[in-house]
Amino acid sequence: MVHTPWLGQADAKAGDALEALLRNHHRRRLGRLGWSDALNPSGEEGWWSTRTQVRGGNTVEVLIDGTSALAEMEAAIRAARHTVHIAGWHASPDFRLTRGPGSLPLRDLLAEVAGRVPVRLLLWAGPPLPLFQPTRTMVEKAREEFVRDSRVRCVLDKRERTMHCHHEKIIIIDDEVAFVGGIDLTALQGDRHDDPEHRPHTPLGWHDAATRLRGPVVADVARHFTQRWGDVAGEPLPWPAEPAPVGDVEAQVLRTVPETTYGFAPKGEFTILEAYLRALRSAERLVYLENQFLWSPEVVDVLAAKLRRPPHDDFRVILLLPAKPNNGADTTRGQLGRLLQADGGAGRLLATTIGAHEGDRSAPVYVHAKVGIIDDRWLTIGSANLNEHSLFNDTELNVLVCDPTLARQTRLRLWSEHTERPVEAIEGEPRTVVDEVWRPIAEEQSRRQREGMPQTHRLALLPNASRRTDRLQGPMRGLLVDG
């Protein structure tokens, strides 16, 4: 679509106006629910949500990309001694968590384990109208297959808000180990079995992340499942006990639960939104975000303010987003246009994506991870995207840690993967690595793409990031369906 300058200006003004309406709508909505502090935290900014418990004594392991993460999930499921509880956006009966000798389809794996311990699977029922996948027909067929000739209990949750979904991806084993992240147990839309090498292949390559939790924080993940299962399945489960301490990491479980969806949270919960805004406002030197979407005006407002008035000369905002998100691309580009305008050419913002390359062959890699790292001290991983769906309307679950060692180690592992450099080569100050490694690589690869040359590196600038046009989809959707 070709835009004349005046049309682009009009579109940008309309986008500004709609975003203002959406902000006001969110402010009124959360004010009615007693959640105003999620948007406007009282007192000094901080690194934790003030609305849910911080638990000490945990171990938190970050699992990067599906090949390793899914193998750990399968091993934990096979080793279950008491219960296996899974809640997800979608799960496919024929999906294999591993691909080696002896691997089983998910349906057979769960049926085998259910022969000795209770296995409960809680899935979104799909959209009421078959506008996108997984359709309700697909999900019903999946449920029938999961329970066929097995003791697996599979329940479908139809309590979504209009045009929204149940989006968390959690596995709890024996109420002692929990996996929280962004990895769905399905091949729908792309191949979850990718690894840090990201070689070109079909179907679509997939970058994702998850965590494995042990210790007291597992109780909060397990209790979330218990609450949802009790409301939807009508089966009260024992309230999970708090596991004994097993490490020294403090952690916090964050949720989005829309109001009136469940009896256990009639006024909802919006601690993911609260924690993100608190941490972003506290940022001094580095904001690093990997996400599928960047639609949220509230998040972009904070980032734009930081770019206009940087808290430190070294301040940088690094974004890793998919080159072609499955929806909302223009809305994300519009928000990035706002950020570039706020940056004003200072070079503090870098918006990038990744692809796969091998010789003359290149292929896209879909960024599905939901990772936030701030100042090498704040780290969140989970299912929440940075849009109004995840922050206000879908059910979501993230884990948050404020641990400088784990946050920095995770950033270095991710940056090593994306820059194709060993960790020891990128251990310098983040500003230096961004300016002298990230940016030159991304700019060179984007130049090669423009000139029709093969990619020689997986990192590139996000295409069309400077556009502020076509910004209307996100705020219009928010106003129409965010009741």
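The paragraphs below set out a description of the structure included in this document.

Here is what the cut-offs are and how they apply
- Residues numbered from 1 in each chain as written.
- Predicted model: local features only at pLDDT ≥ 70, side-chain atom pairs only at ≥ 80, totals over all residues.
- Heavy atoms only, no water.
- 1 Å grid on protein atoms, 1.4 Å probe; cavity = no way out; pocket = protein on both sides within 12 Å on 5 of 7 lines; lining within 4 Å.
- Points joined across faces, edges and corners; volume = space filled by probe spheres on them.
- Nonpolar A, V, L, I, M, F, W, Y, C, P; charged D, E, K, R; others polar.
- Helix = DSSP H or I, 4+ residues; strand = E, 2+ residues; numbered from the N terminus.
- Buried < 20%, exposed > 50% of the residue type's maximum accessible area, 1.4 Å probe, protein only.
- Disulfide = S-S within 2.5 Å.
- Salt bridge = Lys/Arg side-chain N within 4 Å of Asp/Glu carboxyl O.
- Contact = heavy atoms within 4.5 Å.

The calculated volume of the second largest pocket comes to roughly 300 Å³. A323, K324, T353, I354 and P364 are the residues nearest the centre of the second largest pocket, which is lined by 19 residues in total. Of the residues assigned to the lining of the second largest pocket, the class counts are 11 nonpolar, five polar and three charged.

In this structure, the amide linkage connecting Q133 to the following residue, P134, adopts the cis form with an omega of 0°. Mapped onto the fold, P134 is located in the loop between β3 (119-124) and α5 (136-147). Of note in the backbone geometry, D375 takes a positive phi value of approximately 55° without being a glycine. Looking at the element boundaries, D375 is found in the loop between β15 (371-374) and β16 (378-382). Positioned with a positive phi, D376 is a non-glycine residue whose angle comes to about 50°. The topology assignment puts D376 in the loop between β15 and β16. Residue classification places D376 among the buried positions, given a relative accessible area of 14%.

So, about the state of the cysteines. Taken as a whole and assessed by the stated rule, the structure comprises zero disulfides. As a non-bridged cysteine, C165 has C154 as the owner of its nearest cysteine sulfur, 16 Å distant. Owing to a relative accessible area of 10%, C165 belongs among the buried residues under this scheme.

This brings us to the pattern of salt bridges. Opposite charge on two side chains lets them pair, provided their charged atoms get close. For the structure on display, the rule yields 40 salt bridges. Here D184 and K169 are joined by a salt bridge, their closest N and O atoms 2.7 Å apart. Placement of the pair is D184 in the loop between β6 (177-181) and β7 (205-207) and K169 in strand β5 (residues 169-173), with a sequence separation of 15 residues. K169 carries the same exposure label as D184, and that label is buried. Here the salt bridges share partners, and the residues they tie into one network are R285, D314, R316, R431 and D435.

Within the fold, H90 resides in the loop between β2 (84-88) and α4 (106-114). Taking the relative accessible area as the measure of exposure, H90 reaches 5% and is therefore buried. Beyond its immediate chain neighbours, meaning those up to four positions away, H90 contacts L123, P134, V139, D184, L185, T186 and L188.

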